[in-house]
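Given next are the chains, with one letter for each unit.
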Amino acid sequence: MILKGKMVTEKLIERLRNISSKRCLGIIKVGTDPGSSAYLKGIKKTFIKTETDIIINELTNNATTKKIKESINKMNKSPNINGILLMEPFPKHIPVDELIEIIEPKKDVEGIHPYNMGKLLLGKPKIIPSTPGAVLELMDFYKIDTTGNHTVILGRSNVVGKPLANLLLRKSRLGNATVTVCHSRTKNLKEITRLADILIVAIGRAEFVKRDFVSKGTIVIDVGINMKNNQLVGDVDFESVKEIAKAITPVPGGVGSITTVCLLSNLYQL
Ligand code: NAP
């Protein structure tokens, strides 16, 4: 079964259309990273559909930390802005952690402020980061049961792997999973991934997960977005893995397509 994101997205947008009050997202983008520009394009497209406003502050590559902090503080204070998004990656000289900490937690649309991450770790998230949120929405739509199932996550980043692992451990629906998190130092990776009922991959390596990583009957969720030969591909080698997996998400058209709608949904929640 191919787990496409389109129907999930349509369902979520329909839910948001019924909310009449206006919302506005403040975005801070520094530099010209192509991935970040593509994500911004996707956000604009989704937000137009629901008539949600965006205010973008685009700064040049050599912007100082002080200047970016001023921009965040201005958005923190603005009564017209309901949520703030920092478009990563930022240029190397910018201490991103410092920036995240000054976002007003009530306007933290990605749930990355230490307060919101702490709530998530304790199993009571106020806001769910949009990429893990997209994975959960996809699982919910396709009725993928996580309870008691061995879920292996490849990748331990603060935006995907770590929050997702903690969400799947919650004592709740779409939780109660037995979670294993793997990373670049994990030994015998294939032996672990072959034990998965559900395999979620977020490592940023084009088509890294091949057929021999997966057992028959595994559900494979590919979070990766990479460019290979001018084409968008996931972290999973879709063609070979689809032959053995019980179900698999495509790239593009899988998790990534749901993420921007989850971001929008977070804005309304804030
Ligand atoms: P990241 O911050 O670079 O983290 C990558 C993680 O993968 C790290 O934990 C790293 O391990 C691990 N890793 C790297 N190579 C590995 C290997 N060979 N074997 C096992 N683990 C390995 O990346 P990210 O921000 O989480 O993003 C991951 C992927 O998801 C990227 O392709 C990105 O474009 C995509 N993404 C998609 C969405 C979406 O909306 N669908 C959103 C965000 C990101 P160490 O910790 O040991 O370094």
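Quick caveat, the model's predicted, so the values are computed rather than measured. (Residues numbered from 1 in each chain as written. Predicted model: local features only at pLDDT ≥ 70, side-chain atom pairs only at ≥ 80, totals over all residues. Heavy atoms only, no water.)

(A) The arrangement of helix H1 (residues 6-17) in detail. Helix length check: H1 (twelve residues) gives 16 Å between terminal C-alpha atoms against 16 Å at 1.5 Å per residue, within 8%. Taken as a whole, H1 has its buried residues at Val8, Thr9, Leu12, Ile13 and Leu16. Along the long axis of H1, the arc covered by the buried residues comes to 125°, so they all point the same way. Tucked inside the fold, the buried residues of H1 contact helix H2 (34-49), helix H6 (130-141) and helix H10 (255-269). (Helix = DSSP H or I, 4+ residues; strand = E, 2+ residues; numbered from the N terminus. Expected span 1.5 Å × (residues − 1). Buried < 20%, exposed > 50% of the residue type's maximum accessible area, 1.4 Å probe, protein only. Arc of directions from axis to C-beta. Contact = heavy atoms within 4.5 Å.)

(B) Local environment of the domain arrangement of the protein chain. One can read the domain layout of the protein chain as domain 1 (21-112) and domain 2 (130-255). On a C-alpha basis, the centres of domain 1 and domain 2 stand 28 Å from each other. (Domains from an automatic or database assignment.)

(C) Examining the nonpolar core more closely. Membership of the largest hydrophobic core comes to 44 residues, with the highest contact counts inside it found for Leu25, Leu85, Val135, Met139, Leu168, Ile200 and Ile221. Counting residues per element, this core draws most heavily on H10, at eight residues. In this structure, this core is formed jointly by two domains, domain 1 (21-112) and domain 2 (130-255), each of which donates at least three residues. When sequence neighbours within four positions are dropped, the list of residues in contact with Leu25 reads Phe47, Asp53, Ile54, Ile55, Gly83, Ile84, Leu85, Val109, Leu263 and Leu267. Formed by 18 residues, the second largest nonpolar core is a distinct cluster that contains Ile68, Ile81, Ile94 and Val96. (Core = buried A, V, L, I, M, F, W, Y, C linked by side-chain atoms within 4.5 Å.)

(D) Just the site of the ligand, in detail. For the ligand, the set of nearby residues contains 22 residues, the closest of which are Arg156, Ser157, Ser184, Ile225 and Thr259. Here the ligand has 920 Å² of accessible area as a free molecule, and 72% of this is covered by the chains. With three residues, the single largest contributor to the shell around the ligand is H10. For the shell around the ligand, a count of residues per class yields nine nonpolar, ten polar and three charged. (Near = heavy atom within 4 Å. Areas by Shrake-Rupley, 256 points an atom, 1.4 Å probe, with all protein chains shown as cover. Nonpolar A, V, L, I, M, F, W, Y, C, P; charged D, E, K, R; others polar.)

(E) Representation of the packing of H6 against H10 within the structure. Between H6 and H10, whose axes approach to 8 Å, the crossing angle comes to 110°. The angle between H6 and H10 falls in the class roughly perpendicular. Relative to H10, H6 is oriented so that their crossing is right-handed. Every residue of H10 that contacts H6 at Ser130, Thr131, Gly133, Ala134, Val135, Glu137 and Leu138 is listed here: Val255, Ile258, Thr259, Cys262, Leu263 and Asn266. The residue inventory of the contact of H6 with H10, partitioned by class, reads seven nonpolar, five polar and one charged. (Axes fitted to C-alpha atoms, helices over the stretch in contact; angles between N-to-C directions. Parallel < 35°, antiparallel > 145°, perpendicular 65-115°, else oblique. Left-handed = near helix turned anticlockwise from the far one by under 90°.)

(F) Representation of the sheet that holds strand E3 (residues 83-87) in the model. Strand order in the open sheet made by the three strands is E2-E1-E3, with parallel pairing throughout. In this open sheet, the two strands that pair with only one neighbour each are strand E2 (53-59) and E3. Taken over all neighbouring pairs, the strand axes of this sheet differ in orientation by 20° on average, direction set aside. Judged from the five bridges that link them, strand E1 (residues 24-30) and E3 form a sheet pairing that is parallel. Considered in E3, the bridge of Ile28 is made with Leu86. (Pairing = 2+ DSSP bridges.)

(G) View of the sheet that holds strand E6 (residues 198-201). The five strands lie next to each other as E5-E4-E6-E7-E10, forming an open sheet whose pairing is parallel. For this open sheet the edge positions go to strand E5 (178-182) and strand E10 (247-248), each flanked by a neighbour on one side alone. Relative to the sheet, helix H7 (residues 161-168) contacts strand E4 (150-154), E5 and E6, its axis offset from that of E4 by approximately 170°.

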